[in-house]
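One-letter residues, chain by chain:
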Amino acid sequence: MEETRNADVLILGAGPAGLRAALDCAGWGLRTLVVERKREIGSPLQTSGATWIGEIQKLGIPPAFCHRVDVVRFFSPNEEARFRNSRAGIGVLDVKGMLQFLAAQAIRRGARLCAGTKVVRPIVSEQGVRGAVVQTPSGALREITALVTIDATGFASVTARHLFGFRGYRRYGMGVEYDLYAPRWPQQELVLVAGTKEAPAGYGWIFPWGSGRVRAGVGVTVPEAAGADLFACLRRLLEEDARFSGRFKGSGCLEVHKGLIPDEVFPEDPAADGLLIIGDAAGQASALAGEGIRFAMEMGCLAAEAAAAAVREQSSRKELLCRAHEKWNRRHGRSLRMALEINRRMSGLSDEQWDTAVRYMRRLTDRQFLKFLKTDFTLGLFASILARNPGLIRRKLVRTALRELRQRR
């Protein structure tokens, strides 16, 4: 075993959550070390990159990394709803470019980053988690000790498996995607597709991200759609669906992406003495549209704030670190739980029910649709949606949402 290295904060994973935490930790002068199992930051890609421009820019991402669209179109098998995008609305990220930008900024502030380095196990003492044993690109083992360890290992949730006996998420979204050069696809048009043919218990997407590039994919919910042939679904979307196939003539696939995202509440308390679990590793994504990047980055900021307080007080007790999750839950907890319940209902819809849902959508304003898709659930939003769709009050899901939101006030 090579020599031991020490850090104030050890961050496991260089995705959106880990890199945003590293940027802030290093900015506060903490000795920050990031380990990432992939040999290249941001590659292979595991996300479609759709996010909300206003939120992502507040988190320090320059506009150059986000491609804005003008129109969002939602298709069911026989219906369509069309919405104008707002200036700070939905966009598609250059994910690899963004992650490498964050990594470079963190390094500039003093963070150390080790790519191609696999987490073997956490180091646990009577005082709690005190770092991790990692395997370097050469295959050597190394102990890295730290006052605070931040697990941002994504869907794998590495430390939870070792500490809590966590066996992984039982319900999750699984997606495949082609990153295409598709010169005929309009770069200002983003499409979502629902229906059992293209995406059973899920949805399909067509996301342009600039210079003729388009990410087209399908995602399904497991176990509801376990065994679905996602590549066959994607072929039907791109080659057999007359609504889209003509625009993909002359296109070519440059990359193939696969990814998983949690669709259930994390079953444990995502913290321990010396440890914070954040981002997808803690199930902090919206199950409504499978969106996690901005949520992960925001949690990275909160984790860094808690880590800085721990270093300042030279105490890594769980109660101190948990302040990050308490703030997170106050901001997003109820909305994400509601998104999960909506996802459960959506995964069981028939094609006829999807057609009905899209007819309801057509009655929404652009703002209402975008706010709903953003998982920005408020009592005012649901009241305004009901004003346009009074029949929805008979739906159990809507009554439950209103009750939750009233309790939140």
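Figured I'd write up the structure that's included with this text. Within any chain, residue numbers begin from 1 and follow the written order of that chain's sequence. Since the coordinates come from a predicted model, pLDDT governs what is reported: local features require at least 70, and pairs of side-chain atoms require 80 or more to be given and counted, while whole-chain, interface and lining totals use all residues. Excluded from the side-chain calculation are hydrogens and water; included are all heavy atoms of the structure.

This paragraph deals with the sheet that holds strand β7 (residues 90-93). Any two strands with at least two DSSP bridges between them are considered paired. Helix and strand definitions here come from DSSP, where helices need a minimum of 4 consecutive H or I residues and strands a minimum of 2 consecutive E residues; each element is numbered from the N-terminal end. Strand order across the open sheet formed by 3 strands is β3-β7-β4, with antiparallel pairing between neighbours. Edge positions in the sheet fall to β3 (50-52) and β4 (66-68), since each has one partner strand and no second. Between one strand axis and the next, the sheet turns by 45 degrees as a mean value, whatever way the strands run. In this sheet, β7 lies alongside β3 in antiparallel orientation, the contact comprising 3 bridges. Across the sheet, residue Ala 50 finds its bridge partner in β7, namely Val 92. Convention adopted: a line fitted to C-alpha atoms gives each axis, helices being fitted over their contacting stretch, and angles between N-to-C directions are expressed from 0 to 180 degrees.

Think of a salt bridge as a Lys or Arg side-chain nitrogen and an Asp or Glu carboxyl oxygen that are within 4 Å of each other. Applying the stated rule across the entire model yields 26 salt bridges. A salt bridge links Glu 298 to Arg 331; its shortest N-O distance comes to 2.6 Å. In this pair, Glu 298 sits in helix α6 (residues 293-313) while Arg 331 sits in helix α8 (residues 323-346), placing the two residues 33 residues apart along the sequence. Across the pair Arg 345 and Glu 341 runs a salt bridge whose closest N-O atoms are separated by 3.1 Å. Here Glu 341 and Arg 345 lie together in helix α8, a separation of 4 residues that amounts to about one turn. Within the structure, one salt-bridge network assembled from shared partners comprises Arg 73, Glu 80, Glu 189 and Arg 247.

The nonpolar side chains of soluble globular proteins are, as a tendency, buried together. Side-chain atoms within 4.5 Å link the members of a nonpolar core, which is a set of buried Ala, Val, Leu, Ile, Met, Phe, Trp, Tyr and Cys residues. Only protein chains enter the accessibility calculation, which uses a 1.4 Å probe; a residue whose area is less than 20% of its type maximum is buried, one above 50% is exposed, and one in between is partly exposed. Core analysis: the biggest nonpolar cluster contains 56 residues, and Val 9, Met 98, Val 148, Ile 150, Leu 276, Ile 278 and Met 297 have the highest contact counts within it. Counting only elements with at least two residues in this core, the list comes to β1 (5-12), α1 (16-27), α2 (53-58), α3 (95-108), β11 (141-151), α6, α7 (318-321) and α8. Considering each element in turn, this core owes the most residues, 15 residues, to α6. Whether two residues are in contact is decided by their heavy atoms, any of which lying within 4.5 Å being enough. Leaving out residues up to four positions away in the same chain, Leu 276 has contacts with Thr 149, Ile 150, Asp 151, Pro 270, Ala 271, Ala 303, Ala 306, Leu 321, Ala 324 and His 325. Grouped together as the second largest cluster of nonpolar side chains are 32 residues, Trp 52, Val 72, Ala 289 and Ile 385 included.

The next subject is the sheet that holds strand β6 (residues 80-84). Judged by pairing direction, the sheet is mixed, and its 7 strands sit side by side in the order β6-β5-β13-β14-β15-β12-β16 without closing on themselves. The open sheet has two free edges, formed respectively by β6 and β16 (252-262), since each of these has just one partner strand. Going across the sheet, the axis of each strand differs from the next one's by a mean of 15 degrees, ignoring polarity. Sheet analysis places strand β14 (residues 199-210) next to strand β15 (residues 213-222), joined by 8 bridges and oriented antiparallel. In the strand pairing of β15, Trp 205 is matched with Gly 217.

It is worth spelling out the side chain of Glu 177 at this point. By the secondary structure assignment, Glu 177 is in strand β12 (residues 172-181). By the counting rule applied here, Lys and Arg register as positive and Asp and Glu as negative, while His and the ends of each chain are not counted. No salt bridge is formed by the buried Glu 177; its nearest oppositely charged neighbour, Arg 215, is found at 4.3 Å. N or O atoms within 3.5 Å of each other form a polar contact, as long as, within protein, one can give a hydrogen and the other can take it, and as long as residues adjacent in sequence are counted only when both atoms are side-chain atoms. A distance of 2.8 Å separates the side chain of Glu 177 from the side chain of Trp 205, its partner in a polar contact. Of the polar contacts made by the side chain of Glu 177, one reaches the side chain of His 257; its length is 2.6 Å. If near-sequence neighbours (up to four positions away) are discounted, Glu 177 is found in contact with Thr 47, Ser 48, Trp 205, Arg 215, Ala 216, Gly 217, Leu 234, Glu 255, Val 256 and His 257.

An ideal rise of 1.5 Å per residue puts 30 Å on 21 residues; α6 measures up with 30 Å between its terminal C-alpha atoms. Most of α6 is tucked away, with 18 of its 21 residues classed as buried. One or two positions beyond α6, positive phi appears at Gln 314, with a value near 50 degrees. Given a helix with a known number of residues, its expected span is that number minus one, times 1.5 Å.

With that settled, the discussion passes to the packing of α1 against α6. Here α1 crosses α6 at 35 degrees, and the two axes come no closer than 7 Å. In this structure, the crossing between α1 and α6 has a hand that is right-handed. Contacts from Pro 16, Ala 17, Arg 20, Ala 21, Asp 24 and Cys 25 in α1 reach Ile 293, Ala 296, Met 297, Gly 300, Cys 301, Ala 304 and Ala 307 in α6. Residue polarity follows a fixed list, in which Ala, Val, Leu, Ile, Met, Phe, Trp, Tyr, Cys and Pro are nonpolar, Asp, Glu, Lys and Arg are charged, and the others, Gly among them, are polar. When grouped by side-chain class, the residues that make up the contact of α1 with α6 number 10 nonpolar, 1 polar and 2 charged. Definitions for this section: a left-handed crossing has its near helix turned counterclockwise from the far helix by less than a right angle. A right-handed crossing has that turn clockwise.

Along the chain, Ser 286 falls in the loop between β18 (275-277) and α6. Considering only alpha carbons, one finds Ser 286 and Val 35, 251 residues apart in sequence, at a separation of 26 Å. When neighbours within four sequence positions are excluded, Ser 286 is seen to be in contact with Glu 291, Phe 295, Leu 336, Ala 339 and Thr 375. A polar contact of 3.3 Å, which involves the side chain of Ser 286, links it to the backbone nitrogen of Leu 288.

Bringing the packing of helix α10 (residues 366-373) against helix α11 (residues 379-388) into the picture now. Where α10 meets α11, the axes come as close as 11 Å, and the angle between the chain directions of the two elements is 130 degrees. Relative to α11, the element α10 is oriented oblique. The handedness of the crossing between α10 and α11 comes out as left-handed. Two secondary-structure elements touch here, α10 through Gln 368, Lys 371 and Phe 372 and α11 through Leu 381, Phe 382, Ser 384, Ile 385 and Arg 388. Among the residues making up the contact of α10 with α11, the classes are represented as 4 nonpolar, 2 polar and 2 charged. Oblique is the label for any angle not covered by the other classes, which are roughly parallel (under 35 degrees), roughly antiparallel (over 145) and roughly perpendicular (65 to 115).

Each Phe, Tyr or Trp ring (for Trp, its six-membered ring) is paired with any other whose centre lies within 6.5 Å, and the angle between the two planes then decides the class: stacked below 30 degrees, edge-to-face above 60, tilted in between. Applying the stated criterion to the full structure yields 15 aromatic pairs. Taken together, a centroid distance of 5.4 Å and an interplanar angle of 75 degrees make the contact between Phe 155 and Tyr 172 edge-to-face. Residue Phe 155 is found in the loop between β11 and α4 (158-163), and its partner Tyr 172 is found in strand β12; the two are separated by 17 residues along the sequence. Note on accessibility: Phe 155 and Tyr 172 belong to one class, buried.

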